Amino acid sequence: MEYVYAAMLLHKAGKKVDEASVKKVLEAAGVKADDGRVKALVAALEGVDIDKAIEKASVAPVAAAPAAAPAQAKGPEKKAEVKEKVSEEQAAAGLGSLFG
């Protein structure tokens, strides 16, 4: 997640989101940058309008919130938690779909 945050920070600051810049931001935050992940992020963001992607991503959770509220009003319910393991390839593919 810190890789995406680095890209968002660079974009917000008006800087170019490239491998060197992302690495600098991560290192400044004390994160050891993985070259493969940095390359995957920059490749996934190539040609993507980040402002539109952020707008889309921020609208989706708001629409889901009202549906969850009535379920909480009914009373306590037990929910089963499901955890999925996601490979790095699936995560990179998901990141690409988030931004384009």
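Residues numbered from 1 in each chain as written. Predicted model: local features only at pLDDT ≥ 70, side-chain atom pairs only at ≥ 80, totals over all residues. Heavy atoms only, no water.

A. A look at the nonpolar core. If you look at the biggest cluster of nonpolar residues, it comprises 14 residues, and the most contacted ones within it are Val-17, Val-22, Leu-26, Val-38 and Leu-41. At five residues, helix 1 (residues 2-12) tops the list of elements feeding residues into this core. (Core = buried A, V, L, I, M, F, W, Y, C linked by side-chain atoms within 4.5 Å. Buried < 20%, exposed > 50% of the residue type's maximum accessible area, 1.4 Å probe, protein only. Helix = DSSP H or I, 4+ residues; strand = E, 2+ residues; numbered from the N terminus.)

B. Representation of helix 3 (residues 35-45) within the structure. Within the sequence span of helix 3, burial applies to Val-38, Leu-41, Val-42, Ala-44 and Leu-45. Along the axis of helix 3, the buried positions cluster into a sector of 160°, meaning they face one direction only. Note on helix 3: the residue one or two positions beyond its end, Gly-47, has a positive phi of about 75°. (Arc of directions from axis to C-beta.)

C. Expanded view of the pattern of salt bridges. This model, assessed by the stated rule, comprises one salt bridge. Lys-23 is the partner of Asp-35 in a salt bridge, and the nearest nitrogen-oxygen pair spans 2.8 Å. One end of the pair, Asp-35, is in helix 3; the other, Lys-23, is in helix 2 (residues 19-28), and 12 residues separate them in sequence. (Salt bridge = Lys/Arg side-chain N within 4 Å of Asp/Glu carboxyl O.)

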